[in-house]
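Descriptive structure summary
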Amino acid sequence: MAGKRTAIVTGASQGIGAAVVQAFLDRGYNVVATSRGISKANFAPSPHLALVDGDIGQAATADNVAQTAIGKFGSINHVVNNAGIFAVKSFTDYSIDEFRRFGSTNLEGFIFITQLAVKQMLSQGTGGSVTSITTSFVEQLHAVSRSNTRRTTSVLTRWRPAKSTLLSTRTVRRSF
């Protein structure tokens, strides 16, 4: 499968994530799709699709996703960070457990998979892209993690590797 580009999509079992997976497949990409219940999603079997069940907020899941991409398809060229959780309620009603879940999925999940993917992209010397899809609930606690993701994306955008490798980052906001 040399020459084919590989995309990783988090939060891929439904909605935008599932649509992104299908769009990459329709364009001839290899795709590693992940979510807590991805194996229960309704994707047609394909030799160009690998499904990895797990919580992206856990480093072991991110490592499994990256190793699956490299082991099965030989590269990582794109990452779409779509995994995210939120709850629509007043800031004062959030529990500490909810805040921890937000931080785990929305921040740690982004960091774990993006670090692994960028390291692989740089070692390949072919560049790549990181796209983050976030919500625009500015009045919600989720805005804390969105702000940190935006800051991290800003750092990645300004950072230039020693080699002349193109690495692009984008943040797309969903509006609800």
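Here is a short report on the structure shown in this document. (Residues numbered from 1 in each chain as written. Predicted model: local features only at pLDDT ≥ 70, side-chain atom pairs only at ≥ 80, totals over all residues. Heavy atoms only, no water.)

**Let's talk about helix H3 (residues 96-124)**
- With 29 residues, H3 extends 41 Å between its outermost C-alpha atoms, agreeing within 8% with the 42 Å of an ideal straight helix rising 1.5 Å per residue.
- Immediately downstream of H3, the backbone of Gly-125 shows phi near 70°, a positive value. (Helix = DSSP H or I, 4+ residues; strand = E, 2+ residues; numbered from the N terminus. Expected span 1.5 Å × (residues − 1).)

**Examining the pairing of strand E1 (residues 6-10)**
- Counting buried residues along E1, five of its five residues qualify, which places the element largely inside the surrounding structure.
- Of the two faces of E1, both are covered, the one formed by Thr-6, Ile-8 and Thr-10 as well as the one formed by Ala-7 and Val-9.
- By the bridge criterion, five bridges tie E1 to strand E2 (residues 30-35) in an arrangement that is parallel. Along E2, the bridge assignment pairs Thr-6 with Asn-30.
- This β-α-β element, E1 to helix H1 (residues 15-26) to E2, shows right-handed connectivity.
- Pairing of E1 with strand E4 (residues 78-81), which is carried by three bridges, proceeds in the parallel orientation. When the bridges of E4 are listed, Val-9 appears paired with Val-80. (Buried < 20%, exposed > 50% of the residue type's maximum accessible area, 1.4 Å probe, protein only. Pairing = 2+ DSSP bridges. Right-handed = clockwise from strand over helix to strand, strands pointing away.)

**Quick notes on the nonpolar core**
- Ile-8, Val-32, Val-65, Ile-76, Val-79, Ile-113 and Met-121 are the most contacted members of the largest nonpolar core, which has 17 residues in total.
- For this core, the elements supplying multiple residues, two or more each, are strand E3 (49-53), helix H2 (59-73) and H3.
- Of the residues forming this core, the biggest block, five residues, is contributed by H2.
- With residues near it in sequence (within four places) discarded, Ile-76 still touches Thr-6, Ile-8, Ala-66, Ala-69, Ile-70, Ala-117, Gln-120, Met-121 and Gln-124.
- Val-31, Ala-33, Phe-43 and Val-80 belong to the second-largest nonpolar core, a separate cluster that totals 16 residues. (Core = buried A, V, L, I, M, F, W, Y, C linked by side-chain atoms within 4.5 Å. Contact = heavy atoms within 4.5 Å.)

**Topic: the pairing of E2**
- Of all six residues making up E2, six are buried, and the element is well covered by its neighbours.
- Here E2 pairs with E3 via five bridges, running parallel. In the sheet register, Ala-33 faces E3, and the bridge partner there is Leu-51.

**Some remarks on the packing of H2 against H3**
- Interaxial distance between H2 and H3 falls to 8 Å at its minimum, and their mutual angle equals 30°. One way to sum up the angle between H2 and H3 is to call them roughly parallel. Between H2 and H3 lies a crossing whose hand is right-handed. Two secondary-structure elements touch here, H2 through Ala-59, Ala-62, Asp-63, Val-65, Ala-66 and Ile-70 and H3 through Phe-112, Ile-113, Leu-116 and Gln-120.
- Its residues assigned to classes, the contact of H2 with H3 comprises eight nonpolar, one polar and one charged. (Axes fitted to C-alpha atoms, helices over the stretch in contact; angles between N-to-C directions. Parallel < 35°, antiparallel > 145°, perpendicular 65-115°, else oblique. Left-handed = near helix turned anticlockwise from the far one by under 90°. Nonpolar A, V, L, I, M, F, W, Y, C, P; charged D, E, K, R; others polar.)

Keep in mind that these numbers describe shape and distance, not what the molecule does.
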